[in-house]
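Geometric and topological summary
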Amino acid sequence: MPILISFLITVSCQQLNDTKVIGARIENSYQDWWLYYNDSIKLSSEFKPHDANLKEVSKEVFLKSLCTGKYIPLRCSSDKQNNTYKLYELKPNADENISSTMQNVAQTELNNFLKEGQQMKPFRFVDLNGHVHTSENTKGKIVILKCWFIHCKKCVEEMPELNKIVQQYKNRDDIVFVSLASDSEAALKKFLSKCNFDYAVVPNQKEFMDSALNLEIYPTHFIINKRGIITKVVNDVKYVEEAIKAIE
C-alpha cells in the first residue's frame, strides 16, 4: 500500500495522461482512494482548481462538481506547496462508497467556502471569566473562533494543538482566541477543571451556532480579519495557523 501511495503522489497529471492512470488505480478500492485523498488532497487549502479537461475553474464550481458524487479530485503536481487539483470522473463500476463519502466531504467544504468573504454576524459573547467579546470591541483585531461541545471527541483531541497556537501568539494584542460551546456554564467549568484549554470559553451558544453560523459539523473554526470579514472556515486544527498567517 505505501508503495502505491508514494507512486501516486510523486507524478503529475501530464505524466499520467490526465490522471487516468491514478484514477483507475484508486476508484475501485475505497481504502486506496481514502489513503490517497488524505495524503494528497487538502480541499480546505488554497489550490488551483481544474475541471476534467484541465480547464481552470473557480473553487466554487470545483466543489459543486464534487458534491454531485460523479468526481474525485486528483493532484496535478508533485509540489505540495503549489497545489493544482483536477476533477476525475468516476466510472460506473467505481466503488460506490467513494462517491457517497466524496459528496459528504465536498458539501462540508462547499458550505465552509461560501461563508468565506462574508461579514461576521453581530455578536456579544460573555466568557466563563466574565469577559465580554463583541463585534465592536474586537474591531481592529483578528478573531479566532472555535465552535465545539464537550462530547465531541475531535473537538477535545485538538485542544493541545490549539493551546500551542495560543501560546505562539500570546504577545499579540491584536489576536483574540474565543470558543463557543453548546454546553452549560456548570458543565464547562467541570470539564475545564480536568482539561486545559487556553481559549476564552463562552457557554450556551447552540442557538447562535445553529442560526447565525449555520453549523452542522464540529469542530468548526472561523478566522475573522480586523474588518470583521470571515477569511477562512475549517474543520481541522492543522489549517488554523495557516489561516492566521494568511491574513497577518
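Structure report, in brief. Quantities reported herein were computed from a predicted structural model and do not represent experimental measurements.

What follows deals with the environment of Ile 98. Here Ile 98 shows up in helix 5 (residues 96–115). Residue classification places Ile 98 among the buried positions, given a relative accessible area of 0%. Separated by 67 residues in the primary sequence, Ile 98 and Gln 31 place their C-alpha atoms 9.1 Å from one another. In this view, Ile 98 contacts Ile 26, Glu 27, Ser 29, Tyr 30, Trp 33, Ile 72 and Leu 90; residues no more than four positions away in its chain are not counted.

Next up on the list: the sheet that holds strand 6 (residues 142–148). Ordered by their spatial adjacency, 5 strands build an open sheet running 8-7-6-9-10, and the pairing between neighbours is mixed. Both outer strands of the open sheet, strand 8 (200–202) and strand 10 (230–234), are each paired with one neighbouring strand and no more. Sheet twist, expressed as the mean angle between neighbouring strand axes with direction ignored, is 20°. In this structure, strand 7 (residues 175–181) lies alongside strand 8, joined through 3 bridges in parallel fashion. Opposite Leu 180, over in strand 8, you have Val 202 as the bridge partner. Of the strands in this sheet, strand 6, strand 7, strand 9 (220–224) and strand 10 touch helix 10 (residues 240–247), which is tilted by about 10° from strand 9.

On to the pattern of salt bridges, then. Taken as a whole and judged by the stated rule, the model has 13 salt bridges. Here Lys 153 and Glu 157 are joined by a salt bridge, their closest N and O atoms 3.9 Å apart. Highlighted residues: Lys 153 and Glu 157, both in helix 6 (residues 153–157), separated by 4 residues, approximately one helical turn. With a closest N to O distance of 3.0 Å, Lys 226 and Asp 174 form a salt bridge.

What follows covers the layout of surface pockets. Computed from the structure, the largest pocket encloses a volume of approximately 430 Å³. Tyr 37, Val 105, Glu 109, Lys 154 and Asp 236 are, among the 19 residues lining the largest pocket, the residues nearest its centre. Among the secondary structure elements, those contributing two or more residues to the lining of the largest pocket are helix 3 (30–40) and helix 5. At 4 residues, helix 5 tops the list of elements feeding residues into the lining of the largest pocket.

Taken as a whole and judged by the stated rule, the model has 1 disulfide. Note that Cys 152 is cross-linked by a disulfide to Cys 155, the S-S spacing being 2.3 Å. For the disulfide bridge between Cys 152 and Cys 155, the dihedral angle about the S-S bond is near 80°, and by the sign convention the bridge is right-handed. According to the relative accessible area criterion, Cys 155 is buried, its value standing at 0%.

Rules used throughout
- Residues numbered from 1 in each chain as written.
- Predicted model: local features only at pLDDT ≥ 70, side-chain atom pairs only at ≥ 80, totals over all residues.
- Heavy atoms only, no water.
- Helix = DSSP H or I, 4+ residues; strand = E, 2+ residues; numbered from the N terminus.
- Buried < 20%, exposed > 50% of the residue type's maximum accessible area, 1.4 Å probe, protein only.
- Contact = heavy atoms within 4.5 Å.
- Pairing = 2+ DSSP bridges.
- Axes fitted to C-alpha atoms, helices over the stretch in contact; angles between N-to-C directions.
- Salt bridge = Lys/Arg side-chain N within 4 Å of Asp/Glu carboxyl O.
- 1 Å grid on protein atoms, 1.4 Å probe; cavity = no way out; pocket = protein on both sides within 12 Å on 5 of 7 lines; lining within 4 Å.
- Points joined across faces, edges and corners; volume = space filled by probe spheres on them.
- Disulfide = S-S within 2.5 Å.

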